[in-house]
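# Coordinate analysis (summary)
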Amino acid sequence: MFTATLIARPGTLDSALAEALRNAWGGGDLVWLSPDEAAEFDMPSVPDTAESSWTALQDQGVDLAIQHSANRRKKMLLADMDSTMIQQECIDELAEVAGVGAHVKAITARAMNGELDFEGALIERVALLKGLPESVIDDVLATRITLMPGGPVLLATMKSHGAHAALVSGGFTAFTSRVAATLGFDENRANTLLVENGTLTGDVSRPILGREAKVTALEEITARLGITEADVLAVGDGANDLGMLQRAGAGVALHAKPSVQAQAKLRINHGDLTALLFLQGYGRADFVTPEAPALA
């Protein structure tokens, strides 16, 4: 059995559209997870028109996801940080302060789309930060970094049901530690910016955490918890996330680069991070809303 989930921005999901798709695919009862925002129905198989329907629905501002109905509610969240749990790329924000923002952003965009080797691109960008005072990290966190909408609710809801949450980033521990603590992640992994006498050296510690390290995190954490990779929901937006997205039971490309969407199991372009709860069958009435967290 499979479950089809339709997700749109609040107040924009047309009930007639959802019912028409359910009828066309011979689905079961249409269940509204959130009125005019998210609905789902079960069906015996994946229809031949699934991909063409996804494309047509995108033009109408609707995300479509089809999954095996069993084991949709996951025991672990494995999340990227930059442009996933936060709205920015930390290295780009540091580069703006260093006066090399445009150059670094261009490299970041190409690396995240899989056009450049991640490790080489990271080393090149970090070198341009040489000489910045370490204190700039706190300044960037306080003035330039904002949480991705829906993130606090996603974490609070999954953790209230016993899920483990890990933040794995090709960015930097100076940022992941703060974001993880703010949102309630149980652990975080990232690269470490090297500092001497309160100043960035323009380098990072080795080995560099990239695509394979994220897969390693998936393997190591699931083994430690005694769960399977099928029990994991992974989310990211860049090419270095593809390994974990393809291995996890539910791999979600969130507002992702085109090359990532082309290879991901699940794609969310219109919803925010709460869409990951709808994908697991949580209704809006099940959401846990924590007090508004702040990074600063």
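As the structure is a prediction and not an experimental result, all values here were calculated from the model.

Another point: the side chain of Ser83. Topologically, Ser83 is positioned in the loop between β5 (76-79) and α3 (90-98). For Ser83, a relative accessible area of 18% corresponds to the buried category. There is a polar contact of 2.9 Å between the side chain of Ser83 and the side chain of Glu89. Not counting chain neighbours up to four residues away, the residues in contact with Ser83 comprise Gln88, Glu89, Met148 and Asp237.

Further remarks concern the packing of helix α6 (residues 136-143) against helix α8 (residues 173-183). At a closest axis distance of 10 Å, the pairing of α6 and α8 adopts a crossing angle of 40°. By the angle between their directions, the pair α6 and α8 is classed as oblique. Considering the relative orientation of α6 and α8, their crossing is right-handed. Here α6 contributes Ile137, Asp138, Val140 and Leu141 to the contact with α8, which in turn contributes Ala174, Phe175 and Arg178. Partitioning the contact of α6 with α8 into residue classes produces 5 nonpolar, no polar and 2 charged.

The next thing to look at is the packing of α3 against helix α4 (residues 101-112). Contact geometry for α3 and α4: axes closest at 8 Å, N-to-C directions at 165°. Between α3 and α4, the angle is such that the two are roughly antiparallel. Handedness of the α3/α4 crossing: right-handed. Contacts from Ile91, Asp92, Ala95 and Glu96 of α3 reach α4 at Gly101, Ala102, Val104, Lys105 and Thr108. Residue composition of the contact of α3 with α4, grouped by class: 4 nonpolar, 2 polar and 3 charged.

A word on the sheet that holds strand β2 (residues 31-34). Here 4 strands make up an open sheet; going across it, the order is β2-β3-β1-β4 and the pairing antiparallel. Edge positions in the open sheet fall to β2 and β4 (62-68), since each of these has one partner strand only. With strand direction ignored, the average angle separating the axes of adjacent strands in the sheet is 25°. One ladder, built from 3 bridges, connects β2 with strand β3 (residues 38-43); its direction is antiparallel. The residue of β3 that forms the bridge with Val31 is Glu40.

Take the layout of surface pockets next. In this structure, the largest pocket encloses a volume near 200 Å³. Along its surface, the largest pocket is lined by 13 residues, and Gln67, His68, Lys74, Gly249 and Ala250 are the ones closest to its centre. Among the elements that take part in the lining of the largest pocket, β4 stands out by supplying 3 residues, more than any other. Its residues assigned to classes, the lining of the largest pocket shows 6 nonpolar, 4 polar and 3 charged. Along the walls of the second largest pocket sit Ala50, Glu51, Trp54, Leu64, Ala65, Ile66, Ala264, Lys265, Leu266 and Arg267, which together make up its complete lining. Within the residue set of the lining of the second largest pocket, elements represented by two or more residues are α2 (50-58), β4 and β12 (266-268). Split into classes, the residues belonging to the lining of the second largest pocket amount to 7 nonpolar, no polar and 3 charged.

Let us now look at empty space enclosed by the protein. The final tally for this structure, using the stated rule, is 1 cavity of 30 Å³ or more. Taken as a whole, the largest cavity holds about 140 Å³ of empty space. Forming the walls of the largest cavity are 16 residues, and the residues nearest its centre are Asp82, Glu89, Phe118, Gly170 and Gly171. Tallied by class, residues from the lining of the largest cavity come to 6 nonpolar, 3 polar and 7 charged.

With that settled, consider the pattern of salt bridges. Between side chains of opposite charge, pairing is possible as soon as their charged atoms come close. Evaluation of the coordinates by the stated rule reveals 16 salt bridges. Among the ionic pairs, Arg267 bridges to Glu51, the shortest N-O distance being 3.2 Å. One end of the pair, Arg267, is in strand β12; the other, Glu51, is in helix α2, with 216 residues separating them in the sequence. For Arg267, a relative accessible area of 13% corresponds to the buried category. Measuring nitrogen to oxygen at the nearest pair gives 2.3 Å for the salt bridge that ties Arg224 to Glu187. With Arg224 in helix α9 (residues 211-225) and Glu187 in strand β7 (residues 187-191), the pair connects residues that are 37 residues apart, well separated along the chain. A relative accessible area of 16% means that Glu187 is categorised as buried.

One finds Leu77, Leu94, Phe172, Phe175, Phe185 and Leu276 to be the most contacted residues of the largest nonpolar core, which totals 63 residues. Discounting chain neighbours no more than four positions away, the residues touching Leu94 are Leu129, Leu132, Val136, Ile137, Val140, Phe172, Phe175 and Leu193. Counting 18 residues, the second largest nonpolar core, distinct from the first, contains Leu78, Ile221, Ala248 and Ala253.

What counts and what doesn't
Residues numbered from 1 in each chain as written. Predicted model: local features only at pLDDT ≥ 70, side-chain atom pairs only at ≥ 80, totals over all residues. Heavy atoms only, no water. Helix = DSSP H or I, 4+ residues; strand = E, 2+ residues; numbered from the N terminus. Buried < 20%, exposed > 50% of the residue type's maximum accessible area, 1.4 Å probe, protein only. Polar contact = N/O pair within 3.5 Å; in protein donor to acceptor, adjacent residues only side chain to side chain. Contact = heavy atoms within 4.5 Å. Axes fitted to C-alpha atoms, helices over the stretch in contact; angles between N-to-C directions. Parallel < 35°, antiparallel > 145°, perpendicular 65-115°, else oblique. Left-handed = near helix turned anticlockwise from the far one by under 90°. Nonpolar A, V, L, I, M, F, W, Y, C, P; charged D, E, K, R; others polar. Pairing = 2+ DSSP bridges. 1 Å grid on protein atoms, 1.4 Å probe; cavity = no way out; pocket = protein on both sides within 12 Å on 5 of 7 lines; lining within 4 Å. Points joined across faces, edges and corners; volume = space filled by probe spheres on them. Salt bridge = Lys/Arg side-chain N within 4 Å of Asp/Glu carboxyl O. Core = buried A, V, L, I, M, F, W, Y, C linked by side-chain atoms within 4.5 Å.

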